[in-house]
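An overview of the molecular structure
Given next are the chains, with one letter for each unit.
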Amino acid sequence: MADRKVRIATTSLAGCFGCHMSILDIDEALFDLLERVEFDRSPLTDIKHCGPCDLGIIEGGVCNAENVHVLKEFRRNCKVLVALGACAISGGIPAMRNNIPLRACFQEVYEYEPGTLGHHLPNDPELPLPFDKVHPINEVVHVDYFLPGCPPPAEAILRFVGDLLAGRTPAIDPHLLHYD
Ligand code: SF4
């Protein structure tokens, strides 16, 4: 990638922020990285929309309409898009709800749980519409790279980004590739 700082955007869709914690787990290597990259929209910045970027990193699958909106914005603006972690790649643990009718899930949480008796399902129009199923992000947009793990190890993330910065196709050591 070019001499100028490489611009990176990150987001969490139906994720737990654990993949972002793994990014931060590269610890002091962050200081070296920040010599070469700058962050656009990310939970680490206060930027509200993804602008033109070299790299977009997506944590989490797609579980509602807002996720689709954000994901498409990233795809439009990022030259390279990465699915980071099991949730973005396959839906992950949140996709376990795919075998249960959505209404039954919501009734369990909002109507049947002790303390929620008589309550109704949230229906404010500001809330994003949930989908029946949780989807991997590649069912919505084209994805350039998949980096597995729940979360992917910090070292794998560092090497992956390092390869991209060096203009190489990322090649992660097998011992850093896992799915748990
Ligand atoms: S892959 Fe694991 S760590 Fe990453 S967002 Fe999903 S549940 Fe969290």
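To start, this report covers the structure provided alongside it. Quick caveat: nothing in here was measured; it's all calculated off a predicted structure.

**A few points about the site of the ligand**
Around the ligand, the surrounding shell consists of G15, C16, G18, C19, E59, G85, A86, C87, G149, C150 and P151. Broken down by class, the residue content of the shell around the ligand amounts to six nonpolar, four polar and one charged.

**Regarding the sheet that holds strand β1 (residues 6-12)**
A sheet is described by the order of its strands in space; here five strands give the open sequence β2-β1-β3-β5-β7, paired in parallel fashion. Edge positions in the sheet fall to β2 (37-39) and β7 (145-147), since each has one partner strand and no second. Sheet twist, expressed as the average angle between the axes of neighbouring strands with direction ignored, equals 25°. With three bridges joining them, β1 and β2 adopt parallel strand pairing. Its bridge partner being in β2, V6 is matched across the sheet by V37.

**Structural notes on the pattern of salt bridges**
Any two side chains of opposite charge can pair, given that their charged atoms come close. The full count for this structure, using the stated rule, is 10 salt bridges. Linking R159 and E155 is a salt bridge whose minimum nitrogen-to-oxygen distance equals 2.5 Å. Taken together, the positions of R159 and E155, both in helix α6 (residues 154-165) and four residues apart, correspond to about one turn of that helix. By relative accessible area, which is 32% here, R159 ends up partly exposed. The salt bridge involving D163 is made with R168; its shortest N-O contact spans 2.9 Å.

**What to know about the packing of aromatic side chains**
Following the criterion strictly, the structure yields two aromatic pairs and no others. When the ring of F106 is compared with that of Y110, the centres are 5.8 Å apart and the planes differ by 85°; the resulting orientation is edge-to-face. With F106 and Y110 both in helix α5 (residues 102-112) and four residues apart, the pair spans about one turn of that helix. We classify F106 as partly exposed; its relative accessible area is 27%. With 5.6 Å between their ring centres and 85° between their planes, Y145 and F160 make a pair best called edge-to-face.

The rules behind the values
- Every chain is numbered independently, its residues counted from 1 as its sequence is written.
- Local features in a predicted model are, by the rule used here, given only for residues with pLDDT of at least 70; side-chain atom pairs are given and counted only at 80 or more, and totals for whole chains, interfaces and linings are based on all residues.
- Processing note: side-chain calculations cover all non-hydrogen atoms of the structure and skip hydrogens and water entirely.
- If even one non-hydrogen atom of a residue comes within 4 Å of a molecule or strand, that residue is called near it.
- Classes in brief: Ala, Val, Leu, Ile, Met, Phe, Trp, Tyr, Cys and Pro nonpolar; Asp, Glu, Lys and Arg charged; the others, Gly included, polar.
- Strand pairing is assigned whenever DSSP detects at least two bridges linking the two strands.
- Helix numbering and strand numbering both begin at the N terminus, where a helix is a DSSP run of H or I of at least 4 residues and a strand a DSSP run of E of at least 2.
- Axis definition: a line fitted to C-alpha atoms, over the contacting stretch in the case of helices. Angles run 0 to 180 degrees between N-to-C directions.
- Salt bridges are defined by distance alone: a side-chain nitrogen of Lys or Arg within 4 Å of a carboxyl oxygen of Asp or Glu.
- Using a 1.4 Å probe on the protein chains alone, a residue whose accessible area is under 20% of its type maximum counts as buried, one over 50% counts as exposed, and one in between counts as partly exposed.
- In this scheme Phe, Tyr and Trp rings, the latter by its six-membered ring, pair at centre separations within 6.5 Å, and the angle between planes marks the pair as stacked below 30 degrees, edge-to-face above 60, and tilted otherwise.

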